[in-house]
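# Summary of structural features
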Amino acid sequence: MPIATPEAHAAAPAADSRRVLTRIGAYVALTKPRIIELLLVTTVPTMVLAADGWPSLGLLLGTLIGGALSAGGAQVFNSYLDRDIDAVMKRTKRRPLVTGAVSERGALVFAWVLSVGSTLWFWLVVGSPLAAVLNVVAIVGYAVVYTMILKRRTAQNIVWGGMAGCMPVLIGWAAVTQELSWTPVLLFLIIFFWTPPHYWPLSMKFRGDYEQARVPMLPVVAPARRVAVEMVGYAAAMVATTLALAWVAGMTWIYVAVAAVAGVWFLAACVRLYLRSKAGAAKLHEMRLFHASITYLSIVFAAVMLDPFITEALAVR
C-alpha cells in the first residue's frame, strides 16, 4: 500500500487550484472577452456624450458591468449554437465546447445566467427599464436572429445580424437619459456600416474555414472584387454618418476634423484592398484592413468622448 508523503499532500491542493482556474478560464473563454472589450469601447464615449461630460461613476461602472454580462451571455449562446461549426474550422477548433473543457449543459446554463442576470442588472441596479429592454433585444438579435436564422442561410448574415453589435450605444445612451434620440441612432448606424468592412476581411482570410463549415459568408459565395466593392460602399456610408453626427449632436470642428481624417484613411485602406482584388493579387493583406478597422473605430469614438470637454473648454475661452 503506497504511503502518502508530505509532498503529495502539499501538491494535491495546488493541483485542485489549477483545475479550478482552468475551468474558470474555459468559461471566460466562452464569452469571447476580446469582442466584449470592443463593444464596451463604444459604450463609454456614448455615455459621456449623452451626459455632456462624465456620468456618475456608479452609473458608468454599472452600465459597463451590465454590458459585459450581456455581451458575454450572447457570445456563450453563440458558442453553444455554433459548436458544430467551430469543430470543423481551424480558427475555432480549440474553443472550450469543442475540446470538452466545458459541457454543453454547463455552457447553456451559463448563457442563461449571464443573459437574465444582465437584464435584471440593467433594470434594478442601473435603474433603466429601457436599457433592460434594449439588452433583451441585443441578446435575442445575436443569439436568435444572427446565429440561428441568418448565419447559415444568407451571405448578408453579418450585415443584418451585426445590428446586435450596435446595441451597446443605444443601451449606454438609455442608461444616462432614459430615452433615445437621433444622436444614438446615428452612433448605432456608424457601427452598423462599420461592421461589414470590419468582419469581411476576416472572412476573406479564413474563407476556406467558412467554406468547409458551409457558412455562406459573402467572401465564400462572391469573388473578392465584389466583396471589396461592398466594403468601400459601407465605409463611405459610415464616414458620411460620422460627419452627420457632428451636425445632429452639435459637435465641434475638432471632432469633424478627426472623423474626416480617420474616415479618409480607412476608406483609402478599403480602396487599396479593392485595387489589389481587381488586379488579382495573390495576397490581399485582408488582416491589415481588419486591424485598421478596429483602430478607426477607436479613434472616432475617442473623438466622440472628448468632444463634450472640448466644447466646455472652448466655451470658457
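First things first, this report covers the structure right here in the doc. Remember, predicted model here, so these are calculated numbers, not experimental data.

## Description of the nonpolar core
- Met 238 and Tyr 255 are the most contacted members of the largest nonpolar core, which totals 83 residues.
- With 12 residues, helix α10 (residues 182-205) is the single largest residue contributor to this core.
- Excluding residues that lie within four positions of it along the chain, Met 238 makes contacts with Ile 190, Phe 193, Trp 194, Phe 266 and Tyr 296.

## Some details on the pattern of salt bridges
- Across all of its chains, the model carries seven salt bridges by this definition.
- Across the pair Arg 95 and Asp 86 runs a salt bridge whose closest N-O atoms are separated by 3.3 Å.
- We classify Arg 95 as partly exposed; its relative accessible area is 24%.
- A salt bridge links Glu 211 to Arg 207, with the nearest nitrogen and oxygen atoms 3.4 Å apart. In this pair, Glu 211 and Arg 207 are both assigned in helix α11 (residues 207-212), four residues apart and thus about one turn of the helix distant.
- Accessibility expressed as a relative area gives 43% for Glu 211, which makes it partly exposed.
- Taken together, the salt bridges that share partners define one network made up of Asp 82, Asp 84, Lys 151 and Arg 152.

## Observations concerning the side chain of Thr 92
- With respect to the helices and strands, the residue Thr 92 is situated in the loop between α4 (83-88) and α5 (96-99).
- Polar contacts involving the side chain of Thr 92 include one to the main-chain carbonyl oxygen of Asp 86, which spans 2.9 Å.
- Those residues in contact with Thr 92 that sit more than four places away from it in its chain are Ile 85, Asp 86 and Val 98.

## Description of unusual backbone geometry
- One non-glycine residue with positive phi stands out, namely Lys 32, at about 55 degrees.
- On the secondary structure map, Lys 32 appears in the loop between α1 (6-30) and α2 (33-51).
- A positive phi angle, close to 65 degrees, is found at Gln 178, a residue other than glycine.
- The residue Gln 178 is located in the loop between α9 (167-177) and α10 in this model.
- Owing to a relative accessible area of 39%, Gln 178 belongs among the partly exposed residues under this scheme.

## Focus on a nonpolar patch on the surface
- On the surface, a nonpolar cluster with roughly 820 Å² of combined accessible area is contributed by Trp 112, Val 116, Leu 120, Trp 123, Leu 124, Val 125, Val 133 and Val 137.
- When residues of the nonpolar patch are traced back to their parent elements, those giving at least two are α6 (104-125) and α7 (129-150).
- It is α6 that contributes the most residues to the nonpolar patch, six residues altogether.
- According to the relative accessible area criterion, Leu 124 is exposed, its value standing at 64%.

## Some words on the side chain of Ser 70
- On the secondary structure map, Ser 70 appears in helix α3 (residues 57-81).
- At 2.4 Å, the side chain of Ser 70 forms a polar contact with the side chain of Asn 135.
- For Ser 70, the residues in contact, after removing those within four places along its chain, are Ser 118, Asn 135 and Ile 139.

## Thoughts on the packing of α2 against α9
- Two elements in contact, α2 and α9, have axes whose closest approach is 8 Å; the angle formed by their N-to-C orientations is 35 degrees. Remark: the crossing between α2 and α9 carries right-handed chirality. Residue-level inspection shows Leu 39, Thr 42, Thr 43, Thr 46, Met 47, Leu 49, Ala 50 and Ala 51 of α2 in contact with α9, the latter providing Pro 168, Val 169, Gly 172, Trp 173, Val 176 and Thr 177.
- Residue composition of the contact of α2 with α9, by class: nine nonpolar, five polar and no charged.

## Notes on the packing of α10 against helix α13 (residues 224-249)
- The N-to-C vectors of α10 and α13 enclose an angle of 160 degrees; their axes lie 9 Å apart at closest approach. When the interaxial angle is binned, α10 and α13 end up roughly antiparallel. Relative to α13, the crossing made by α10 is left-handed.

Calculation criteria
Residues numbered from 1 in each chain as written. Predicted model: local features only at pLDDT ≥ 70, side-chain atom pairs only at ≥ 80, totals over all residues. Heavy atoms only, no water. Core = buried A, V, L, I, M, F, W, Y, C linked by side-chain atoms within 4.5 Å. Buried < 20%, exposed > 50% of the residue type's maximum accessible area, 1.4 Å probe, protein only. Helix = DSSP H or I, 4+ residues; strand = E, 2+ residues; numbered from the N terminus. Contact = heavy atoms within 4.5 Å. Salt bridge = Lys/Arg side-chain N within 4 Å of Asp/Glu carboxyl O. Polar contact = N/O pair within 3.5 Å; in protein donor to acceptor, adjacent residues only side chain to side chain. Patch = residues over 30% accessible without salt bridge, like charges linked within 9 Å, V, L, I, M, F, W, Y side chains within 5 Å. Areas by Shrake-Rupley, 256 points an atom, 1.4 Å probe, with all protein chains shown as cover. Axes fitted to C-alpha atoms, helices over the stretch in contact; angles between N-to-C directions. Left-handed = near helix turned anticlockwise from the far one by under 90°. Nonpolar A, V, L, I, M, F, W, Y, C, P; charged D, E, K, R; others polar. Parallel < 35°, antiparallel > 145°, perpendicular 65-115°, else oblique.

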